[in-house]
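Read off the chains here:
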Amino acid sequence: MEFSGVKRRKPWLIGDQRKASYPHSLQFYLQPPSENISLIEFENLAIDRLKLLKSVENLGVSYVKGTELYQSKLEAEIRRLKFSYRESLEDEYEPRRKDHISHFILRLAYCQSEDLRRWFIQQEMDLLRFRFSILPKDKIQSFLQDSHLHFEAISEEEKNLREQEIIASSTSLGGPKLELEYVYKIPFADALDLFRGRKVYLENGFAYVPLKDIVAIILNEFRAKLSKALALTARSLPAVQSDERLQPLLNHLSHSYIGQDYSIQGNAGKISLDQIDSLSTKSFPPCMRQLHKALRENHHLRHGGRMQYGLFLKGIGLTLEQALQFWKQEFIKGKMDPDKFDKGYSYNIRHSFGKEGKRTDYTPFSCLKIILTNPPSQGDYHGCPFRHSDPELLKQKLQSYKITPGGISQILDLVKGTHYQVACQKYFEMTHNSRDPDLDNRRLLTACPVLGMYALPTMPTVGTIFKDIVLREQCVVETAWMVYMTGRRS
Amino acid sequence: MEPFDPAELPELLKLYYRRLFPYAQYYRWLNYGGVVKNYFQHREFSFTLKDDIYIRYQSFNNQSDLEKEMQKMNPYKIDIGAVYSHRPNQHNTVKLGAFQAQEKELVFDIDMTDYDDVRRCCSSADICSKCWTLMTMAIRIIDRALKEDFGFKHRLWVYSGRRGVHCWVCDESVRKLSSAVRSGIVEYLSLVKGGQDVKKKVHLSENVHPFVRKSISIIKKYFEGYALVGQDILENKESWDKILALVPETMHNDLQQNFQKHHSSLQRWEYLKKAASQCPSNIKNEKCGPWLEWEIMLQYCFPRLDINVSKGINHLLKSPFSVHPKTGRISVPIDLQKVDQFDPFAVPTISSICHELDAIFTSEAEKEENQAESDIKHRTRDYKKTSLAPYVKVFEQFLENLDKSRKGELLKKSGTMRETKMNYTKMNSLPCLPAYWKY
């Protein structure tokens, strides 16, 4: 790809030629683009795609993926940003070209670290999954072929021969409706996740995969290819970065994610100790709210609770001195000897701030970690209330938090479906008087107008979303790079 | 058969490695036609010597090198490992991280001790003709799946020498499989899950996968003879209580009472089948049908694999034709056509075949004038005169199939090569044959 300083006219392809270069509304991004574009277009494309991927991320957290609401919101967002999504629409050339080029630009920005790659791959996969789900069935075969995936749909006779076996193997097929389904024959090693759990029929080294299951395989293929490509890109990155025109933009793009990494944050956002009580009811997520309450009531917390809560407090801005003071004050109220505290507990607090031992500045636990590891037992208050509380107890707790009955039943439904983080998001909406996360974001934006789209939290921890609220309610925010960004536009 | 005395091993092994071990066939196997350069030279072997001295990362240049080393070191046990990126015996000279295991056969190890909770006749290292049927069923079930479901063509089943069997899958594509896929294959083949603290180890869903269905058909052929007669699993209260532990509590009373009335495991099993397939009215969500009966059959008969043996590419497994130091039995290949007749107690021991060899040697040497001449003349065919012969024949058949496949693959490849060449070299008048036409 070459970049010119002057805006050039885009090459004008005639009808069929345009269609041929982008035959589908979605793609695997196997070939990098080869045309010239202007710097400005380069920047715009990148920013638009970043907006799209951020939306994909937010929608994936606010709604259960695959539901109608999720699909319609995502489609609206794609359409708004003028990217491609549907096969049957006329003159899809521009949106598809935009999709193609912007993907490759973002690869440059997001190949640089493990975290960035993981985030990029996750959002691209979700986007591909959505686009594939709305692809008409008859177009699938040609899409697979063009993507060099050797999945052949088997003929009717072949299907009939194996009908019983295929139906008996696949849990996704409901009843004897095989005539309407496409079935694909792929080498068994390409269907690892399916055959290991005996979820697919195997014959002579091939797996006979019905359409519904092929999506998972395609996504795996995509992930593997993209992962490899990103590793390759990272290796050739120094050459690209040395281009002075691109360097600042690429840095900004990747920082719009790293900017929310509170682990490396220094002094932005200060909390005073007397604010904690009121913040805990107004702005803390329920897991931290309950830990704080237990600490105040018992003047003690067990190890799991100290870890989870202690790191959260650090994440929202408590300094080491404040932390030591906070915990000591509380523990002393529980008739603990101050010397005992110094000997037994203060070392651990300093350790989690990176002042002891191997000096790692530990980050707050992510939601996934809290949900999946170290479940609480009797006498513990840590964990995720949506995951670890009995539904009845959770209901009572939510009622005591004054959530509306409608909201409570929505939350309980989400918990039943094991969508714990979405439930927490719902709790957030309820306690901040908003039912619509978009509305909510706009409310936040009006509170702090300097913030643009990029400041939306990316949810590595629930703590970060709440921290944003905590901070915005005090309007203390990092804007340095934002100013630089807006300043750069000329 | 000569009784085996472990103390005689050093002498017996000397004779075995000099006159009986089938080096030519062994090399023919592991060399895989010499198609890939250094495939044999990069293969790891490990030896266990006298006094439990264990040495890894042995490798050899060719057949005669292998012979010389084995005769020199006289190993008690030989294990085969992976094909590495470099010669294993030079692995210390390789840069850190560069010495990697690259390919290996897919192997399975089925051990009788894993069935101790369901066999009444023996336990731990002991086996008898009654429980050996478990191995027969395991071979049939696993082999069918490897052949029909996965399409694997070259499967060598070997008696381990004491209490189990091994399987070596040697297809070219299989040797390249990743650890993840190998684990996946073992998972596909696993149905019995849980350790000591789990009573009921098999749970079937309503949808029965064809693999499970076909395995059950195989077990059905043996179940009466093995479980109801041989093991007599419903013989008395003590034994049928174990079966009741696998059945919903609501059925216990009815079954207990009726078991008392019947007189044999056969009758009791018939009753249980009938009772299990009736729709239990008081149990929510219980399936009506033969699932319960199948779950019991599977728990008592379905193969139990050790995933750790199969998933690692660098895992070392006992070599065929190795000797078992405790029983003296040779690890011989099993003829799949005659798997029902295979008798582990008829497998020759090292002492018996050495004895056979001695007997022949002395009688023939009396006819020969020149000792040295007879020695060399007989060396290559000695095993043929002992009871080891039929097992080597099974091995040779396996090798024939490997060769045939290999030639077929090469023909295919050179066929497409020739076509391309023809398209591209229309101008050239001299035709050139691809190199691998000459072999």
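Rules used throughout
- Every chain begins its residue count from 1, and numbering advances along the sequence as written.
- Each chain takes a letter, starting from A, and each ligand takes a number, starting from 1, following the order in which they are written.
- Owing to the predicted nature of the model, reporting of local features is limited to residues with pLDDT of at least 70; listing and counting of side-chain atom pairs is limited to 80 or more, with chain, interface and lining totals taken over all residues.
- The basis for the side-chain values is all heavy atoms of the structure; hydrogens and waters are excluded.
- Classification of ring pairs uses Phe, Tyr and Trp, with its six-membered ring standing for Trp, and accepts pairs whose centres are within 6.5 Å; under 30 degrees between planes counts as stacked, over 60 as edge-to-face, and the remaining range as tilted.
- Elements are defined by DSSP. Helices are runs of H or I of four residues or more, strands are runs of E of two residues or more, and each kind is numbered from the N terminus.
- Relative accessibility thresholds used throughout: buried, under 20% of the residue-type maximum; exposed, over 50%; partly exposed, between the two (1.4 Å probe, protein chains only).
- In this scheme, Lys NZ or Arg CZ marks a charge over a ring once it lies within 6 Å of the ring centre and within 35 degrees of the ring normal.
- Paired strands are those between which DSSP finds at least two bridges.
- Residue-level confidence of the predictor, termed pLDDT, takes values from 0 up to 100.
- Two residues form a contact once any of their heavy atoms are found within 4.5 Å.
- Cavities and pockets are found on a 1 Å grid laid over the protein atoms alone: a cavity is a set of points where a 1.4 Å probe fits but cannot escape, a pocket is an open set with protein on both sides within 12 Å along at least five of seven lines, and a lining residue has an atom within 4 Å of such a point.
- Grid points are joined across faces, edges and corners, and a volume is the space filled by probe spheres set on the points.
- Basically, the charged four are Asp, Glu, Lys and Arg, the nonpolar ten are Ala, Val, Leu, Ile, Met, Phe, Trp, Tyr, Cys and Pro, and anything else, Gly included, counts as polar.
- Note: buried area is the sum, over both parts, of the accessible area (probe 1.4 Å) each one loses when the two are combined.
- Salt-bridge detection follows one rule: a side-chain nitrogen of Lys or Arg within 4 Å of a carboxyl oxygen of Asp or Glu.
- Residues adjacent in sequence count toward polar contacts only when both atoms are side-chain atoms; beyond that, a polar contact is any pair of N or O atoms within 3.5 Å, and within protein one must be able to donate a hydrogen and the other to accept it.
- UniProt positions are given in the numbering used here, feature names are shortened, and annotations may be inferred rather than shown by experiment.
- Throughout, an axis means a line fitted to C-alpha atoms (over the contacting stretch in the case of helices), and angles, computed between N-to-C directions, take values from 0 to 180 degrees.
- For classification, angles of less than 35 degrees are called roughly parallel, those exceeding 145 degrees roughly antiparallel, those between 65 and 115 degrees roughly perpendicular, and all remaining angles oblique.
- Left-handed describes a crossing whose near helix is turned anticlockwise from the far helix by less than a right angle; the clockwise case is right-handed.

Enquirer: Give a detailed account of the packing of aromatic side chains, specifying residues and quantitative values.
Expert: The geometry of an aromatic ring pair comes down to the distance between the two centres and the angle between the two planes. Using the criterion set out here, one finds 52 aromatic pairs over all chains in the structure. Ring centres 6.5 Å apart and planes at 80° place the aromatic pair B:Phe21 and B:Phe321 in the edge-to-face group. Of this pair, B:Phe21 sits in the loop between α1 (9-20) and α2 (23-31) while B:Phe321 sits in the loop between β8 (317-318) and α13 (350-365), and the two are 300 residues apart along the sequence. Here B:Phe21 and B:Phe321 have matching classes, each one buried. The structure contains a cluster of three or more aromatic residues connected by ring pairs, namely B:Tyr16, B:Tyr17, B:Phe21, B:Tyr23, B:Tyr26, B:Trp29, B:Trp168, B:Phe321, B:Phe395 and B:Phe398. Over the ring of A:Phe353 we find A:Lys314; its NZ or CZ atom is 5.3 Å from the centre of that ring. A cation over an aromatic ring shows up here: B:Arg56 above the ring of B:Tyr57, its NZ or CZ 4.3 Å from the ring centre.

Enquirer: I'd like to hear about unusual backbone geometry, residue by residue, with values.
Expert: You will see that A:Tyr29, though not glycine, has its phi angle at about 55°, which is positive. Turning to its location among the elements, A:Tyr29 is positioned in the loop between α1 (15-21) and β2 (36-38).

Enquirer: Account for the sheet that holds strand β6 (residues 206-210) of chain A, with residues named and values stated.
Expert: Residues and elements named next belong to chain A. What the four strands build is an open sheet, ordered β3-β4-β6-β5; its pairing is antiparallel. Because the sheet does not close on itself, it has two edges, and the strands there are β3 (152-153) and β5 (201-203). As judged from the five bridges shared by strand β4 (residues 183-187) and β6, these two strands associate in the antiparallel manner. Note on β6: the bridge partner recorded for Val-183 is Pro-210.

Enquirer: Describe the confidence of the model for chain B, and please don't skip the residues or the numbers.
Expert: All names here are of chain B. Mean pLDDT over chain B works out to 88, with 87% of the residues at or above the 70 mark. Model confidence for chain B, summarised as mean pLDDT per element, is weakest for helix α14 (residues 371-379) at 54 and strongest for strand β6 (residues 155-159) at 98. Note that residues 424-439 has pLDDT below 50 and, in this model, eight contacts with residues that lie over four places away or in other chains.

Enquirer: Tell me about the pairing of strand β5 (residues 106-111) of chain B, and name the residues and values.
Expert: All names here are of chain B. Across the six residues that make up β5, a large majority, six, are buried. Taking every second residue as pointing to the same face, both faces of β5 are buried, with Leu-106, Phe-108 and Ile-110 on one and Val-107, Asp-109 and Asp-111 on the other. Relative to strand β7 (residues 164-169), β5 runs antiparallel, the two being bridged by six bridges. Its bridge partner lying in β7, Val-107 is registered against Trp-168.

Enquirer: Kindly report on the layout of surface pockets, identifying the contributing residues and their values.
Expert: Residue and element names in this part refer to chain B. Taken as a whole, the second largest pocket encloses approximately 810 Å³ of empty space. The wall of the second largest pocket is formed by 33 residues, among which Asp-171, Glu-172, Ser-173, Val-174 and Glu-409 lie closest to the centre. Contributing elements (two or more residues each) for the lining of the second largest pocket: α5 (172-175) and α15 (389-424). In terms of residue count, α15 provides more of the lining of the second largest pocket than any other element does, eight residues in total. Residues that form the lining of the second largest pocket fall into these classes: 15 nonpolar, eight polar and 10 charged.

Enquirer: Outline the pairing of strand β2 (residues 53-58) of chain B, listing residues and values.
Expert: All names here are of chain B. Bridge analysis of strand β1 (residues 43-49) against β2 gives four bridges, and the strand direction is antiparallel. Across the sheet, residue Phe-45 finds its bridge partner in β2, namely Gln-58. What sits between the antiparallel neighbours β1 and β2 is a turn of three residues, in which Asp-51 has the positive phi angle 65°.

Enquirer: Mind laying out the interface of chain B and chain A, listing which residues take part and the relevant values?
Expert: Facing 24 residues of chain B, the contacting portion of chain A comprises 19 residues. Across the interface of chain B and chain A, roughly 1600 Å² is buried in total on both sides, 57% from carbon and sulfur atoms. Broken down residue by residue, the surface that chain B buries against chain A is led by B:Tyr188, B:Asn207 and B:His209, which jointly contribute 29%. There are two salt bridges connecting chain B and chain A. Across the pair A:Arg196 and B:Glu187 runs a salt bridge whose closest N-O atoms are separated by 2.8 Å. Here chain B is connected to chain A by eight residue pairs in polar contact (both at pLDDT 80 or more). Elements with a contribution of two residues or more to the side of chain B that touches chain A: α4 (133-149), α6 (179-188) and α7 (210-230) of chain B. Per element, the largest residue contribution to the side of chain B that touches chain A is six residues, and it comes from α6(B). Of the residues in the side of chain B that touches chain A, the class split is 13 nonpolar, five polar and six charged.

Enquirer: Please provide a residue-by-residue account of the UniProt feature "binding site: [4Fe-4S] cluster" (unreviewed entry) in chain A, values included.
Expert: Residue and element names in this part refer to chain A. With numbering aligned to this structure, UniProt lists the feature "binding site: [4Fe-4S] cluster" (unreviewed entry) at Cys-287, Cys-367, Cys-384 and Cys-424. Of the residues just listed, which span 138 residues, no C-alpha pair is farther apart than 10.0 Å, and they cluster in one region. Looking at where Cys-367 falls in the secondary structure, it is placed in helix α18 (residues 367-372). Looking at the secondary structure, you find Cys-384 in the loop between α18 and α19 (385-388). By relative accessible area, which is 10% here, Cys-384 ends up buried. The contacts of Cys-384, once residues within four sequence positions are left out, are Ile-370, Ile-371, Ser-389 and Tyr-420.

Enquirer: Requested: an account of the sheet that holds β7(B), with residues and values cited.
Expert: All names here are of chain B. Reading across from one edge, β5-β7-β6 is the order of the three strands in this open sheet, with antiparallel pairing throughout. Both edges of this open sheet fall to β5 and β6, since each of them pairs with a single strand only. Pairs of neighbouring strands in the sheet enclose a mean axial angle of 15°, with direction left out of account. Note: β6 against β7, five bridges, orientation antiparallel.

Enquirer: I'd love a proper account of the packing of helix α13 (residues 286-298) of chain A against helix α14 (residues 303-315) of chain A, names of residues and values included.
Expert: Packed helices, taken two at a time, are described by the angle between their axes plus the distance between the axes. Residue and element names in this part refer to chain A. Relative orientation of the contacting elements α13 and α14 amounts to 115°, with a least axis distance of 10 Å. Put simply, α13 runs roughly perpendicular to α14. Both α13 and α14 take part in a crossing whose hand is left-handed. Contact residues: Cys-287, Met-288, Leu-291, His-292 and Leu-295 in α13; Gly-305, Gln-308, Tyr-309 and Phe-312 in α14. Taken together, the residues that form the contact of α13 with α14 break down as six nonpolar, three polar and no charged.

Enquirer: Any details on the pattern of salt bridges? Residues and values, ideally.
Expert: The tally for this structure, following the rule as stated, stands at 47 salt bridges over all chains. Note that A:Arg162 is salt-bridged to A:Glu158, the shortest N-O span being 3.6 Å. Note on A:Arg162: relative accessible area 11%, which makes it buried. Since its relative accessible area comes to 29%, A:Glu158 is described here as partly exposed. Across the pair B:Lys201 and B:Asp117 runs a salt bridge whose closest N-O atoms are separated by 3.2 Å.

Enquirer: If you had to explain α6(B) to someone new, which residues and values would you point to?
Expert: Counting buried positions over the 10 residues of α6(B) gives seven, a clear majority of the element. Along α6(B), the residues that are buried comprise B:Val181, B:Arg182, B:Ser183, B:Gly184, B:Ile185, B:Val186 and B:Tyr188.

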